[in-house]
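# Residue-level structure breakdown
Below, each chain spelled out in residue letters.
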Amino acid sequence: MSTAASPAIQSMTGFARSQGANALAEWSWEVKSVNGKSLDARFRVPSGYESLEQSGRAALAARFKRGNFQLALTLRQQIEPEVHLNRAALDSVMALVGRLRQEGIEADPPRLDGLLQLRGVIETQERELAAEEFLALEAELLAALETALDELAEVRAAEGAKLLQLAEAQLAEIERLRSAASGMAATQPEALRARLRQQVEELLQSAASLDSDRLYQEAALLATKADIREELDRLAAHVEAARALLASGEAVGRKLDFLCQEFNREANTLCSKSQDVALTRLGLDLKSSIEQLREQVQNLE
């Protein structure tokens, strides 16, 4: 049994088939996988071959970490049936022929080929496999399953490579949007303070009874709340962490899915803090890119 998992990031979706035959039987394995939170498998095998499931589960675990798998074996035995002469049925036919002759009914003597064609004279019975034959067939069936699982791993790795490219493109877009937000004047503390100072002065001019010190304190508090530099720093850290996970070549789908939730949390905070239309639009674009990234990583193992 192969125990080496694919070093490449895999998708959780794929399909593979393996066929074979020998003097005893013909068979075909079909295996497919879809997204799943853990490793789950359902087997469909002919009666008497349930022992294949335990070995099949071990072969799955050696190659895959996550996914819902369906494995189906179609088997058609080719061994010749055993042929038996039903002597009692033959004796009954011959006794009937003798009675008819005694009654004066003339007929040609029955031919052997005609007798053997009578219903019930010849009986056929499916031959059961001997113990050594069954073990040999079981070994070939398991080898065929291993081949199908190897092919499935290749299919999932090829699909994973495509998802990897898409995820990297989304991360690049998230980084671009983060950099754009960082460079916007509306995100700079000096710009925030200047705008709030202007608003405070306008309020003081229109309402002389307002406490200027209290207004400046509130303005300072608003400026602090509107500062999104921490969110931008965390977004940069999340991008770096996501790229490291993708470069690891391991089963990181669940970790990336969780990281996307952290991405989204920072984007939501950025939008809620924004006091600038352009920054809000950029935040919404950021959320859209994060959602597209999440759709990709949810298909990764």
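The notes below deal with the structure included here.

Analysis parameters
Residues numbered from 1 in each chain as written. Predicted model: local features only at pLDDT ≥ 70, side-chain atom pairs only at ≥ 80, totals over all residues. Heavy atoms only, no water. Helix = DSSP H or I, 4+ residues; strand = E, 2+ residues; numbered from the N terminus. Expected span 1.5 Å × (residues − 1). Buried < 20%, exposed > 50% of the residue type's maximum accessible area, 1.4 Å probe, protein only. Arc of directions from axis to C-beta. Pairing = 2+ DSSP bridges. Right-handed = clockwise from strand over helix to strand, strands pointing away. Axes fitted to C-alpha atoms, helices over the stretch in contact; angles between N-to-C directions. Contact = heavy atoms within 4.5 Å. Phe/Tyr/Trp six-rings, centres within 6.5 Å; stacked < 30°, edge-to-face > 60°. Polar contact = N/O pair within 3.5 Å; in protein donor to acceptor, adjacent residues only side chain to side chain. Parallel < 35°, antiparallel > 145°, perpendicular 65-115°, else oblique. Left-handed = near helix turned anticlockwise from the far one by under 90°. Nonpolar A, V, L, I, M, F, W, Y, C, P; charged D, E, K, R; others polar.

## Quick notes on helix α1 (residues 52-63)
Counted at 1.5 Å a residue, the expected span for α1 with its 12 residues is 16 Å, and the 17 Å between its end C-alpha atoms agrees. Those residues of α1 not exposed but buried are L52, G56, A59, L60, A62 and R63. Taken around the axis of α1, the buried residues stretch over an arc of 160°, which confines them to a single face.

## Looking at the pairing of strand β1 (residues 14-21)
Residues in a regular strand project their side chains so that they alternate between the two faces of the sheet. As defined by bridge partners, β1 adjoins strand β2 (residues 25-34) across eight bridges and the pair is classed as antiparallel. Paired with R17 across the strands is E30, a residue of β2.

## Examining the pairing of strand β3 (residues 39-44)
Strand direction decides the pairing type here: β3 and strand β4 (residues 67-77), joined by six bridges, are parallel. The residue of β4 that forms the bridge with F43 is L71. Taken together, β3, α1 and β4 form a β-α-β motif whose crossover is left-handed.

## Details of the sheet that holds β3
Strand pairing within a sheet occurs via backbone hydrogen bonds; the two strands may be parallel or antiparallel. One open sheet accounts for four strands, arranged β1-β2-β4-β3; its pairing is mixed. Edge positions in the sheet fall to β1 and β3, since each of these pairs with one other strand and no more. Direction aside, the axes of adjacent strands within the sheet are offset by 15° on average. Lying over the sheet, α1 contacts β2, β3 and β4, oriented at roughly 145° with respect to β3. Along the sheet face, helix α4 (residues 131-183) touches β1, β2 and β4 and points at about 30° away from the line of β2.

## Quick notes on the packing of aromatic side chains
Applying the stated criterion across every chain, the model contains two aromatic pairs. Each ring, one from F64 and one from F69, has its centre 5.1 Å from the other, and the planes form 35°; the classification is tilted. Exposure remark for F69: the relative accessible area of 2% places this residue in the buried category.

## So, the side chain of S18
Tracing the backbone through its elements, the reader meets S18 in strand β1. One polar contact links the side chain of S18 to the main-chain carbonyl oxygen of A144, over a distance of 3.1 Å. Other than its neighbours up to four places away in sequence, S18 contacts W27, S28, W29, A144, T147 and A148.

## Here's the deal with the packing of α1 against α4
In contact at an axis separation of 10 Å, α1 and α4 are set at 25° when each is read in the N-to-C sense. Here α4 runs roughly parallel to α1, going by the angle between their axes. Judged by the twist between their axes, the crossing of α1 over α4 is right-handed. Counting all contacts with α1, which are made through L52, S55, G56, A59, L60 and R63, the residues of α4 involved are E138, L141, L142, L145, E146, L149 and D150. Grouping the constituent residues of the contact of α1 with α4 by class yields seven nonpolar, two polar and four charged.

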